[in-house]
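The chain contents come next:
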Amino acid sequence: MRPLPQQTVNDILSLLDQGLSLSQISTQTGVHTSTISKICSKLRFNLPKSKGGRPSKLSSTTINYAQRLICSGEADTAVDVHKQLKDVCTKPVSTQTVRHHLKKHGMKAVVKRKCPLLLKRHIRARLDFALAHQDWTLEDWKRVIWSDETKINCLGSDGRKWVWKKTGEGLSSRLVEGTMKYGGGSLMLWGCFGWEGPGYAMKIEGKMDANLYVSILEDALQDSLEYWGQTPNDIVFQQDNDPKHASKKAKTWFKDHGFEVMEWPAQSPDLNPIEHLWGILKRKLASHKEPPASIDELWKRVEAEWEKISAKECRDLIESMPRRVAAVLKAKGGYTKY
């Protein structure tokens, strides 16, 4: 085969240096791609090799714009981004292409967590609480008695349950969490805990109102303090801003009995470690192989599992309080991982 004229070789080398592909150079020079490839291997072996494949439909600028849409809250899903990119992209782009590029750049789709809605006043109150308690030491948090109510279903929690399955495995009882209307029945529970461990838990009979709440304080809270060998002067009592907790009758009871009640920001279960204690209790209840046959049996299990909660588990939760406060400060009063 006759060698190529030197001028043609020089043209090919110049086009290679400009970053043109073999097929583009072949079109311009009329030289076969295999010949161009040999010239490249011999005279331009240091040039970066093409990764091949179809050019990306989305430029880096467009991808950055898509990420800004998501991070700013203007779009939540790939479908939302796709709709907004229609006015930006010159070529049609599918939702799957958008999804692929978002994943490629380190983003992933997750289920939105359900958290209490934070309005501006809630954010301000949370930030004020964090600022007021940022210098509290563990010794300060040891004085706090944490309290709350929770619902417990006969058939387990209302949340998701996870299980591993084989590829292609059909639906079976192992992969199903049976349900019944209203969770098969449930009970409401009031409980409290402190540095010394869990206090007395009380089953809430009937509708919870200010009168019933005060009777719980008279019995369960007072008995818990006596069990721990403490008095109202030794502790700071925590409760959320439920109307029955903030009722005139409850406020009068606390004042008459010498309790210091912690001022608590609304919409802030992430700051209350008892929420995680409820999780510990419910996981223990879920470990039973058979669901309870009745509400009475459920209550017996609750009592038994509540008694098994150790002081160490309670102390681990209380020790997280400085980190929780720091997280609220970092979020400027907004949502935290807790």
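The protein chain is annotated in an unreviewed UniProt entry as Transposase from Trametes cubensis.

Participant: Summarise unusual backbone geometry; cite the residues concerned and give the values.
Facilitator: For Gln-267, which is not glycine, the phi dihedral falls at a positive 60°. Positive phi, close to 55°, is recorded for Lys-332, a residue that is not glycine. A relative accessible area of 64% means that Lys-332 is categorised as exposed.

Participant: Describe in detail the packing of helix H11 (residues 274-286) against helix H12 (residues 295-308), supporting the description with residues and values.
Facilitator: Put simply, H11 and H12 touch, their axes get as near as 10 Å, and they point 120° apart. The pairing of H11 with H12 is recorded here as oblique in orientation. H12 is crossed by H11, and the crossing has right-handed handedness. Here Leu-277, Trp-278, Leu-281, Lys-284 and Leu-285 of H11 lie close against H12, whose contacting residues are Arg-301, Val-302, Glu-305 and Trp-306. Grouping the constituent residues of the contact of H11 with H12 by class yields six nonpolar, no polar and three charged.

Participant: Can you explain the packing of H11 against helix H13 (residues 311-318)? Please cite residues and give values.
Facilitator: Following both chains from N to C, one finds H11 and H13 inclined at 145°, their axes separated by 10 Å at the closest point. In the crossing of H11 with H13, the sense of the turn from one axis to the other is right-handed. Contacts between H11 and H13 involve His-276, Leu-277, Ile-280 and Lys-284 on the former and, on the latter, Glu-313, Cys-314 and Leu-317. Partitioned by chemical class, the residues of the contact of H11 with H13 number four nonpolar, one polar and two charged.

Participant: Tell me what's going on with the pairing of strand E2 (residues 186-194), and back it up with residues and numbers.
Facilitator: In terms of burial, E2 is a largely internal element, seven of the nine residues being buried. Of the pairings in the sheet, the one linking strand E1 (residues 144-153) to E2 comprises eight bridges and is antiparallel in character. Bridge pairing in E2 links Ser-147 to Cys-192. Strand direction decides the pairing type here: E2 and strand E4 (residues 202-204), joined by three bridges, are antiparallel. By the bridge assignment, Trp-190 is partnered in E4 with Met-202. Pairing analysis gives two bridges linking E2 to strand E3 (residues 197-198), with the strands arranged antiparallel. Residue pairing across strands places Phe-193 opposite Pro-198, the latter belonging to E3. Connecting E2 to the next strand, E3, in antiparallel fashion are two residues.

About the cut-offs
- Position labels on residues start from 1 in each chain and follow its written sequence.
- Note on the predicted model: pLDDT of at least 70 is required for a residue's local features to be given, and 80 or more for side-chain atom pairs to be given and counted; whole-chain, interface and lining totals, by contrast, use all residues.
- The side-chain figures draw on all heavy atoms in the structure; neither hydrogens nor water molecules are used.
- Buried means the residue's accessible area, taken with a 1.4 Å probe over protein chains only, is under 20% of the maximum for its type, while exposed means over 50%, and partly exposed covers the values in between.
- Axes here mean lines fitted to C-alpha atoms, for a helix over just the part in contact, with angles spanning 0 to 180 degrees between N-to-C directions.
- Strands here mean DSSP runs of E at least two residues long; helices mean DSSP runs of H or I at least four residues long; both are numbered from the N terminus.
- Here roughly perpendicular refers to angles of 65 to 115 degrees, roughly parallel to angles under 35, roughly antiparallel to angles over 145, and oblique to all remaining angles.
- By the definition used in this description, the sense in which the near helix is turned from the far one sets the handedness, with an anticlockwise turn below a right angle giving left-handed and a clockwise turn giving right-handed.
- Any two residues whose heavy atoms approach within 4.5 Å are treated as being in contact.
- Three classes are used: nonpolar for Ala, Val, Leu, Ile, Met, Phe, Trp, Tyr, Cys and Pro, charged for Asp, Glu, Lys and Arg, and polar for all others, with Gly counted as polar.
- A pair of strands is considered paired only if DSSP assigns at least 2 bridges between the two.

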